[in-house]
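Structure assessment
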Amino acid sequence: MTVTAPHPDLVVGPDGVIRCGWPGMGHADYRDYHDREWGKPVHGETALLERLCLEGFQSGLSWLTILRKRPAFRVAFASFDADAIADFSEADVERLLADESIVRNRRKIEATITNARATVALRETGGLEELLWTHAPEPTPRPRRFVDVPSQTSESELLTKRLRKVGFVQLGPTTVYAAMQACGLVDDHLVGCFRAGASRSGSRLTGGMRVSS
């Protein structure tokens with residue numbers, strides 16, 4: 001039986017599975033990211049710092065570009081170990097600016113170092129994970145179309161203010177909301193996508209009922 005997507009914001013993959021119809025979904029690595037990572041709860045300082053940093057590097061670029069460079073970013077930034085990055089010097093900045101395997105942007109590189117230092121300092125008051133996850137929003141109706149997916153929310157605005165207050169830089173409400181999606185604080189898989197509701201218990205509501213994983 002042929003599977004048909006109910007509307008253009010959903011696509012049917014080569015495996016016959018209905019997914020969110022992101023631009024670039026024709027690429028296998030993008031599909032894998034959608035299926036296995038996006039919207040799935042992320043915990044642990046290192047993993048969360050990586051998501052924040054990569055979303056910062058993505059600003060102005062396609063996520064597919066960052067996704068394909070992610071292994072190189074991990075090598076360049078010491079697997080996103082906050083202590084290691086916090087010790088980076090100006091020589092490390094110059095090293096990274098010469099590294100063609102990553103995005104060579106001085107402002108973004110220096111912001112990553114600054115944010116790693118802020119992450120280390122946060123341990124005295126609960127840590128990065130506690131700060132991020134206390135800003136996970138209450139359940140809302142699941143989006144049906146891309147137009148229903150916000151680019152930022154009141155929660156991402158508040159989280160941005162909190163992050164800036166504790167020393168993070170180069171993170172605005174839109175970038176922070178993208179990180180919230182990537183870390184599973186919100187689950188914006190569209191109604192009809194096979195991943196909808198499988199990411200985080202209580203992250204979205206469908207038809208007035210709580211969706212649980």
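Here we summarise the structure given alongside this text. Predicted model, so just to flag it, every value in this text is computed and none were measured. (Residues numbered from 1 in each chain as written. Predicted model: local features only at pLDDT ≥ 70, side-chain atom pairs only at ≥ 80, totals over all residues. Heavy atoms only, no water.)

Here we take up the overall build of the protein. Looking only at helices and strands, the protein has nine helices and five strands in total. Secondary structure elements in the protein, listed N-terminal to C-terminal, are β-β-α-α-α-α-α-α-α-β-α-α-β-β. What you see for the protein is a C-alpha radius of gyration of 18 Å, in line with the 17 Å of a compact globule of 213 residues. Relative to its 213 residues, the protein shows a buried fraction of 47%. When contacts within the protein are restricted to residue pairs at least 6 apart in sequence, long-range pairs at least 24 apart make up 61% of them. (Helix = DSSP H or I, 4+ residues; strand = E, 2+ residues; numbered from the N terminus. Rg over C-alpha atoms; globule rule 2.2 N^0.38 Å. Buried < 20%, exposed > 50% of the residue type's maximum accessible area, 1.4 Å probe, protein only. Contact = heavy atoms within 4.5 Å.)

Attention shifts here to helix H8 (residues 154–165). With twelve residues, H8 ought to run about 16 Å at 1.5 Å a step, and its terminal C-alpha atoms sit 17 Å apart, in line with that. Of the residues making up H8, those classed as buried are Ser156, Leu159, Thr160 and Leu163. Each buried residue of H8 sits inside an arc of 105° when the element is viewed along its axis, so together they form one side. In H8, the exposed positions angled more than 90 degrees off the buried face are occupied by Ser154, Lys161 and Lys165. Looking at the packing, one finds that the buried side of H8 touches helix H7 (128–133) and helix H9 (173–182). Trailing H8 by a residue or two, glycine 167 shows a phi angle of about 110°, which is positive. (Expected span 1.5 Å × (residues − 1). Arc of directions from axis to C-beta.)

Okay, the nonpolar core next. In this structure, Phe73, Phe77, Leu128, Leu132, Leu163 and Phe168 are the most contacted members of the largest nonpolar core, which totals 53 residues. Beyond its immediate sequence surroundings of up to four residues, phenylalanine 168 is in contact with Leu52, Asn115, Ala118, Thr119, Leu122, Leu128 and Leu163. (Core = buried A, V, L, I, M, F, W, Y, C linked by side-chain atoms within 4.5 Å.)

Interhelical geometry of helix H1 (residues 28–36) versus helix H3 (residues 63–76) gives an angle of 90° and a closest axis separation of 10 Å. With respect to each other, H1 and H3 are oriented roughly perpendicular. On H3, the residues that touch Asp29, Tyr30 and Tyr33 of H1 are Trp63, Leu64, Leu67, Arg68 and Arg70. (Axes fitted to C-alpha atoms, helices over the stretch in contact; angles between N-to-C directions. Parallel < 35°, antiparallel > 145°, perpendicular 65-115°, else oblique.)

Before going further, it helps to spend a moment on the side chain of histidine 189. Counting through the fold element by element, histidine 189 comes out in the loop between H9 and strand S4 (204–206). Here the side chain of histidine 189 touches histidine 34 through a polar contact of 3.2 Å, side chain to side chain. (Polar contact = N/O pair within 3.5 Å; in protein donor to acceptor, adjacent residues only side chain to side chain.)

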